[in-house]
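Structural overview for review
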Amino acid sequence: MTLSSAVDGVPIRDVDRETVGQREALLTLMDISKTYRSRKGSEDDAVLAVSDVSFTLAKGEVVALLGTSGCGKSTVLKMVAGLMRPTAGTIRLGDEEIVRPSRRIGIMFQQPTLLPWRTILDNILIQPEIRQGRRAALRHRSKAKELIALTGLSGFENALPSQLSGGMAQRAALCRMLVSEPELLLLDEPFGALDEFTREQMNVEFQRICAERDAAAIVVTHSIQEAVFLADRVLVMTPRPGKVAKSVDIDLPRPRKPEIMTGSAFNSYVAEIHSTLFDRQVHA
Ligand SMILES: Nc1ncnc2c1ncn2[C@@H]1O[C@H](COP(=O)(O)OP(=O)(O)OP(=O)(O)O)[C@@H](O)[C@H]1O
Ligand SMILES: [Mg+2]
């Protein structure tokens, strides 16, 4: 696989640029590895968390990352978010190498991490405010209000996070991620703390929002069902050091409704991924 390189700052578009199906890749991870080292820098306590992970993501494509606890899923996500540099390999968003957080990328962590002293509306507007200042962020207010309505939070614009249930706080965090209209959404077990029913609703909602905006997403989850429901492609990782053990294309029509989970096609994907996860080879 070859990628564009920059000579004198001019990007060169390679003819054999990585493509996903017929679509050009939005995101490309090429041979990513990450070793955590202690502050002392000693090799004895170095932890190889992720090893040689490569995959691409097209515009509008949703990929789920699935793997046992500690296999390196959050590490991959943090590197894609530009919060941490890989020890080896490169990550590109279009022609740009990701070296720092970008407004083109939105991230949602497992916990909603809303600021307790700010109202829901002000929490949602925090990123534009940090990046562009308070006055410029006002331009995002109508978008924020639209998202509040879309996620069923109308009437809570001026509430504080302590007045929201866990599911409502997650929805507010979803609005906060979406308000700057990022092209790439990164979600680390976003709905893990929610009850089954709310989680299902959030998954349906998330699917709709991605389709509406043609946003690409990487969703980290521990649930095989959730991965199959949300994704166009499921990447199954090995235990640490995390590598991609298998990539499974999910060829189910969209929009997907929760009823799809009882169907045979859905369940054969679940069975295939389950056996990959528990295959001895994956654990070797
Ligand atoms: N800051 C760090 N310093 C040292 N080791 C770390 C650090 N962060 C993660 N690790 C190690 O890297 C490995 C991968 O961690 P990571 O958080 O990416 O796993 P994960 O797949 O997200 O797990 P989980 O499903 O439990 O969230 C683990 O062995 C972890 O102990
Ligand atoms: Mg994690």
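This text goes with the structure placed above it.
Keep in mind that this is a model prediction, so the values were computed, not measured. Residue numbering note: each chain is counted from 1, following its sequence as written. Chains carry letters from A onward and ligands carry numbers from 1 onward, assigned in written order. Since the coordinates come from a predicted model, pLDDT governs what is reported: local features require at least 70, and pairs of side-chain atoms require 80 or more to be given and counted, while whole-chain, interface and lining totals use all residues.

Looking at the overall build of the chain
Secondary structure elements follow DSSP: runs of H or I no shorter than four residues count as helices, runs of E no shorter than two count as strands, and numbering proceeds from the N terminus. Broken down by element type, the chain carries 10 helices and 13 strands. Residues classed as buried in the chain amount to 35% of the 284 residues present. The long-range fraction of contacts in the chain, counting pairs at least 24 apart against all pairs at least 6 apart in sequence, stands at 68%. Here the C-beta atoms are placed from the backbone, and a residue counts as buried if at least 20 other C-beta atoms lie within 10 Å of its own, exposed if 12 or fewer do, and partly exposed otherwise. By the convention adopted here, residues make contact when the C-beta atoms placed from their backbones lie within 7 Å.

Remarks on the sheet that holds strand β10 (residues 184–188)
Sheet strands line up and pair through hydrogen bonds in the backbone, either parallel or antiparallel. Overall, mixed pairing links the six strands, which are arranged β9-β10-β11-β6-β12-β13 in an open sheet. Each of the sheet's edge strands pairs with one partner strand only, and the pair in question is β9 (105–108) and β13 (244–249). With strand direction ignored, the average angle separating the axes of adjacent strands in the sheet is 15 degrees. Of the pairings in the sheet, the one linking strand β6 (residues 62–66) to strand β11 (residues 216–221) comprises five bridges and is parallel in character. Bridge assignment links V63 to a residue of β11, and that residue is I218. Strand pairing follows a simple DSSP-based rule, namely that at least 2 bridges must link the two strands. With axes taken as lines fitted to C-alpha atoms, and helix axes fitted only over the stretch in contact, angles between N-to-C directions fall between 0 and 180 degrees.

A closer look at the environment of Q110
Its location among the elements puts Q110 in the loop between β9 and α2 (120–124). Taking C-alpha positions, Q110 is 4.8 Å from P190, a pair spaced 80 residues apart along the chain. Those residues in contact with Q110 that lie beyond four places of it in its chain are D188, E189, G192 and A193.

Things to note about the site of ligand 1
In the vicinity of ligand 1, the contacting residues are Y36, V47, A49, G67, S69, G70, C71, G72, K73, S74, T75 and R240. Sorting elements by how many residues they give to the shell around ligand 1 places helix α1 (residues 73–80) first, with three residues. Partitioning the shell around ligand 1 into residue classes produces four nonpolar, six polar and two charged. For each residue, a C-beta atom is positioned from the backbone; the residue is called near a molecule or strand if that atom sits within 6 Å of it. Here the nonpolar group is Ala, Val, Leu, Ile, Met, Phe, Trp, Tyr, Cys and Pro; Asp, Glu, Lys and Arg are the charged ones; every other residue, Gly included, is treated as polar.

Concerning unusual backbone geometry
Looking along the chain, the bond that leaves R240 and enters P241 is cis, with omega of -5 degrees. Take P241: it is sitting in the loop between β12 (233–237) and β13. Of note, the amide linkage connecting R254 to P255 takes the cis form, showing an omega dihedral of -5 degrees. Along the chain, P255 turns up in the loop between β13 and α9 (264–278). Positive phi, normally seen in glycine, also occurs at T113, with a value near 45 degrees.

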